[in-house]
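The lines below spell out each chain.
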Amino acid sequence: MKTLLIIDVQNDFIPNGSLPVPNGNQIVPVINKIQDKFDLVIGTQDWHPKDHISFASNHEGKSNFDVIEIHKKPQTLWPNHCVQGTKGAEFHPDLKTKKFEAIFRKGTDKTIDSYSAFYDNGHLKSTGLAGYLKEKGTTELYLCGLAADICVYFSIMDAFKEGFDCFLIEDASKALDNIEFEKLKKEMIAMGIKMITSASIQ
Ligand code: VGL
Ligand code: ZN
């Protein structure tokens, strides 16, 4: 059973948003076109309280993109983004969401960041998504969205470890840093995650 997991296609990650992913808007028509090929379509939203620990504005003397240590791990400090209930946290207005059977939200705990749709960055709490997908009968899991090198990457690594047969749809994803994404792609392929294009989906 084939599920499409659409990661964080939200206004703040689109050009003109507060944390824009270059060409992020270009994936929206691609994602709209493929949804009918899936048995189940799920969306995620990065969904932070405004006092979230990942925002540089919540750390005195720090600037956007500084890296600090939180819970003994490096944490990039981001511009304020995807604040709960704001326009920036809404899905891109052109993204078709009618087929979404569920929306999973992450990054809601102000004390820890959560790039993966499955677990927070400390792997302390689960969102329940793996159990949900398994109960629904998902075997093949296709991921796309923003940003390819951050939330899509961390989500697909967790999904793979949960035992799903994982596919990353490259033309339906865009990275914040393309050089970093090329490195991560090698790592994902070596693990057994498949890189595909939307045209090859049956
Ligand atoms: C993301 C940085 C911070 C993402 C979320 O969705 O890739 N990136 N929060
Ligand atoms: Zn975030």
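In this text the structure is predicted, and so the values were computed from the model without any measurement.

S.K.: Would you mind going over the coordination of the zinc ion (ligand 2) with me for this structure?
M.R.: For a metal bound by four donors in tetrahedral geometry, the ideal donor-metal-donor angle is 109.5 degrees, whereas six donors in octahedral geometry ideally sit at 90 or 180 degrees. Looking at the zinc ion (ligand 2), the protein donor atoms are Asp46 (OD), His48 (NE2) and His81 (NE2), and they sit 2.0 to 2.2 Å from it. For the zinc ion (ligand 2), the four donor atoms in the first shell make angles of 88 to 170 degrees at the metal, so the coordination geometry reads as irregular. Sequence spacing of the donors to the zinc ion (ligand 2): D-x1-H-x32-H. Here Asp46 falls in the buried class, since its relative accessible area comes to 3%. Assessed through its relative accessible area of 0%, His48 is described here as buried.

S.K.: Help me out: how do you make sense of the environment of Pro79 in this one?
M.R.: Structurally, Pro79 is set in the loop between β4 (73-76) and β5 (100-106). When the C-alpha atoms of Pro79 and Ala56 are compared, they prove to be 6.1 Å apart, with 23 residues separating the residues in sequence.

S.K.: Where do I start with the site of ligand 1 in this structure?
M.R.: In the neighbourhood of ligand 1, the contacting residues comprise Asp8, Phe13, Leu19, Asp46, Trp78, His81, Tyr115, Leu146, Ala147, Ile150 and Cys151. One of the backbone nitrogen or oxygen atoms of Cys151 is found 3.2 Å away from an oxygen atom of ligand 1. Protein coverage of the free-state accessible area of ligand 1, which is 260 Å², stands at 99%.

S.K.: What is the right way to read the sheet that holds β5 from this model?
M.R.: By way of backbone hydrogen bonds, the strands of a sheet pair with one another, either parallel or antiparallel. Strand order in the open sheet formed by six strands is β5-β2-β1-β6-β7-β8, with parallel pairing between adjacent strands. The open sheet has two edge strands with one neighbour each: β5 and β8 (194-196). The average undirected angle you get between the axes of adjacent strands in this sheet is 25 degrees. As defined by bridge partners, strand β1 (residues 2-7) adjoins strand β2 (residues 40-46) across five bridges and the pair is classed as parallel. Bridge pairing links Ile7 to Thr44 in β2. Contacts from helix α2 (residues 129-136) reach β1, β2, β5 and β6 (140-146), with the element oriented near 170 degrees to β2.

S.K.: Can you walk me through the pattern of salt bridges in this structure?
M.R.: Side chains that differ in charge, positive against negative, can pair when their charged atoms come close. Counted according to the given criterion, the structure contains 12 salt bridges. Here Lys87 and Glu90 are joined by a salt bridge, their closest N and O atoms 3.2 Å apart. The class of Lys87 is exposed, set by a relative accessible area of 60%. Among the salt bridges present, the one from Glu180 reaches Lys183, with a minimum N-O distance of 3.5 Å. On the criterion of helical spacing, the pair formed by Glu180 and Lys183 is a turn pair, its members being three residues apart in helix α4 (residues 178-191). Salt bridges linked by common partners bring Asp8, Asp46 and Lys106 together as one network.

S.K.: Hey, could you run me through the pairing of β1 in this one?
M.R.: Both faces of the sheet carry side chains from a regular strand, because those side chains alternate between them. For β1, a buried count of six out of six residues is recorded, marking the element as mostly surrounded by other parts of the structure. By the bridge criterion, six bridges tie β1 to β6 in an arrangement that is parallel. By the bridge assignment for β6, Leu5 is matched with Leu143. After leaving β1, the chain enters helix α1 (residues 27-34) and then returns to the sheet as β2, a path that is right-handed.

S.K.: Teacher, can you tell me more about the environment of Asn64 here?
M.R.: Considering the arrangement of structural elements, one finds Asn64 in the loop between β2 and β3 (67-70). Non-local contacts of Asn64, meaning those with residues more than four positions away in its chain, are made with Ala56, Leu77, Trp78 and Pro79.

So, how was this worked out
Residues numbered from 1 in each chain as written. Chains lettered and ligands numbered in written order. Predicted model: local features only at pLDDT ≥ 70, side-chain atom pairs only at ≥ 80, totals over all residues. Heavy atoms only, no water. Donors = N, O, S within 2.8 Å, 3.2 Å for Na, K, Ca; no water. Tetrahedral: all angles 85-135°; square planar, octahedral: opposite > 155°, others 65-115°. Buried < 20%, exposed > 50% of the residue type's maximum accessible area, 1.4 Å probe, protein only. Helix = DSSP H or I, 4+ residues; strand = E, 2+ residues; numbered from the N terminus. Near = heavy atom within 4 Å. Polar contact = N/O pair within 3.5 Å; in protein donor to acceptor, adjacent residues only side chain to side chain. Areas by Shrake-Rupley, 256 points an atom, 1.4 Å probe, with all protein chains shown as cover. Pairing = 2+ DSSP bridges. Axes fitted to C-alpha atoms, helices over the stretch in contact; angles between N-to-C directions. Contact = heavy atoms within 4.5 Å. Salt bridge = Lys/Arg side-chain N within 4 Å of Asp/Glu carboxyl O. Right-handed = clockwise from strand over helix to strand, strands pointing away.

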